[in-house]
Amino acid sequence: MNTGILYAALAYIAWGLFPLYFKQVADVPSLEVVMHRTLWSLVFVFGVLMVRRQWSWMGTVLRQPKVLAAFVLSAMLLSGNWLTYVWAVQNQHVVDASLGYFILPLVNVALGFVFLRERPRSGQWMAVAVAAAGVLWLAVQAGRLPWIALLLALSFGFYGLLRKVAVLGALEGLALETLVLAPVAAVVLGWWAWQGQGALVQGTPATVGWLLLAGPMTAVPLLLFAAGARLIPMSTLGILQYISPSLQFALGVWLFHEPFEPARLVGFVLIWAALLVYSMEGWWTRRRVIVA
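The structure contained in this document is the topic of the report that follows.

Conventions we followed
- Per chain, the residues get numbers from 1 upward, laid out in the order the sequence is written.
- Per-residue local features are limited, in this predicted model, to residues with pLDDT of at least 70; the limit for side-chain atom pairs, both in listing and counting, is 80 or more; totals at the level of whole chains, interfaces and linings are taken over all residues.
- Computation of side-chain values covers all heavy atoms of the structure but excludes hydrogens and water.
- Every helix listed is a DSSP run of H or I at least four residues long, and every strand listed is a run of E at least two residues long, numbered separately from the N terminus.
- Throughout, a residue-residue contact means that at least one pair of heavy atoms, one from each residue, lies within 4.5 Å.
- Relative accessibility thresholds used throughout: buried, under 20% of the residue-type maximum; exposed, over 50%; partly exposed, between the two (1.4 Å probe, protein chains only).
- In this analysis, the expected span of each helix is defined as 1.5 Å times one less than the number of residues it contains.
- Stacked, tilted and edge-to-face are the three classes applied to pairs of Phe, Tyr and Trp rings, where Trp contributes its six-membered ring and a pair requires centres within 6.5 Å; stacked means planes under 30 degrees apart, edge-to-face means over 60, and tilted covers the rest.
- Charge-over-ring placement is defined geometrically: NZ (Lys) or CZ (Arg) within 6 Å of the ring centre, and within 35 degrees of the ring normal.
- Note that patches include only residues with greater than 30% relative accessible area and no salt bridge, and the join distances are 9 Å for like charges and 5 Å for nonpolar side chains (Val, Leu, Ile, Met, Phe, Trp, Tyr).
- Computed with a 1.4 Å probe, the accessible areas rest on the Shrake-Rupley method; for each residue, only the protein chains presented here act as cover.
- Criterion for a salt bridge: a side-chain nitrogen of Lys or Arg within 4 Å of a carboxyl oxygen of Asp or Glu.

### Considerations on the environment of Val277
Tracing the backbone shows Val277 in helix H15 (residues 262-291). For the pair Val277 and Arg264, spaced 13 residues apart in sequence, the C-alpha separation works out to 20 Å. Not counting the four nearest positions on each side in its chain, Val277 is found in contact with Gly123, Met126 and Ala127.

Listed below in C-alpha cells is the structure:
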C-alpha cells in the first residue's frame, strides 16, 4: 500500500512539474516539441519493451483492425492534448492548464454516464453541477469560454475513455500510440533538418538535450502510475491525482507570475469545492459499503 502511494505520488508530482521542463524548450515551437516528444517516447518505450522482452501483444493487435483504429483515435487525442498543453505553458497559460486537470475527474463522471451507462450518485452530480458553475463564472469574467482548460479536460477525458475499454496496458498502449504518430513526426523533423530548419539544426546542444529527454520524461511517470495503480484503491488514487494540477497552479501563480485576477478566484473556489464534494462523497460511500 505504502509503495503504491509512493509510485502514484511520484507520477503525479512529475506531471505537476512538467511546466518547468517545457519552459526549457520555450524557444522551440510547440508542434515541434510534440513531434520530438512522440519520437523519443517511442524510442524509450521500445527500449523498455526490448529489455522486458514484452513483444507478444504486438502480433495479436496488428491482426485486429478495430483495435488498431481505436488506438489511432487515442493517439490523435493524446497528441492534441500534448500540443494544447505545451502551447499553454509556452504562452503563459499554466494556470489555465491546471484548471483543465482540476475539472478532468468531473468530466470523466459525465463521459461515463453518456458512453458507459454508468449511473453517478446524487453527490457526484452535485459536484459536476458546482464545477460547471465555476467554469461558467470563469467564462463570464473572461468574456469567453476557458478553451484551454476545456480542450485539455475533454481531450484527455475522451482519451481515458478509449483507454478504459482498450485491450492493452499502459506501456503497450503508449508504444502503439507513439508507433502510429512517430513516422509522421520523423518525416517532418527530417524534412525540416534537410531544409536547415528546426531545433536539430538550429538549436543549441542544451536545447537538443532537453528535447531528447522528452522520451523518458513521458514514459517514466506513466510506468510509475501504472505500478502504483495496481497496489492502491481507486479512492486513494483519486485523491492523489489532485497533486498534479495543484503543483501546476502554484507554478503558474508564484513562479511564473501569471496574472490571476481576484474575480477568477471565485471560479477556482467553486471547482475546488466541487472536487471536495466529489472526494468526500466517494469516501463516505465506500465507508458505508465496508461497514455494511
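### Section: the side chain of Ser74
Here Ser74 shows up in helix H5 (residues 65-90). The exposure class of Ser74 is buried, given its relative accessible area of 1%. For Ser74, the contacting residues outside a window of four places in its chain are Tyr159, Leu162 and Glu177.

### Structural notes on helix H12 (residues 214-229)
Helix length check: H12 (16 residues) gives 23 Å between terminal C-alpha atoms against 22 Å at 1.5 Å per residue, within 8%. If you check which residues of H12 are buried, you get Ala214, Gly215, Thr218, Ala219, Pro221, Ala226, Ala227 and Gly228. In the core, the buried residues of H12 are packed alongside helix H1 (2-16), helix H2 (18-24), helix H3 (30-52), H5, helix H9 (170-194) and helix H11 (205-212).

### Quick word on the packing of aromatic side chains
Throughout the structure, instances matching the rule amount to 20 aromatic pairs. An angle of 80° between the planes, with centres 5.1 Å apart, marks the rings of Phe113 and Trp125 as edge-to-face. Taken together, the positions of Phe113 in helix H6 (residues 94-115) and Trp125 in helix H7 (residues 122-142) put the pair twelve residues apart, joining distant regions of the chain. A relative accessible area of 34% means that Phe113 is categorised as partly exposed. What makes Trp125 partly exposed here is its relative accessible area of 34%. Through pairs of rings, three or more aromatic residues link up here, namely Phe18, Tyr21, Phe22, Tyr85, Tyr101, Phe156, Tyr159 and Trp210. The side chain of Lys23 reaches across the aromatic face of Phe256, ending 4.7 Å from its centre.

### Here's the deal with a nonpolar patch on the surface
A cluster of nonpolar residues, Leu6, Tyr7, Leu10, Ile13, Leu17, Leu20, Leu231 and Leu255, forms a patch on the protein surface that exposes about 640 Å² of accessible area. Along the chain, Leu255 falls in helix H14 (residues 243-255).

### Here we look at unusual backbone geometry
If you check the backbone angles, Arg53 has positive phi at about 50° while not being a glycine. Relative to the helices and strands, Arg53 is located in the loop between H3 and helix H4 (56-62). The phi dihedral of His257 falls on the positive side, at around 55°, and the residue is not glycine. If you trace the backbone, His257 turns up in the loop between H14 and H15. We classify His257 as exposed; its relative accessible area is 62%.

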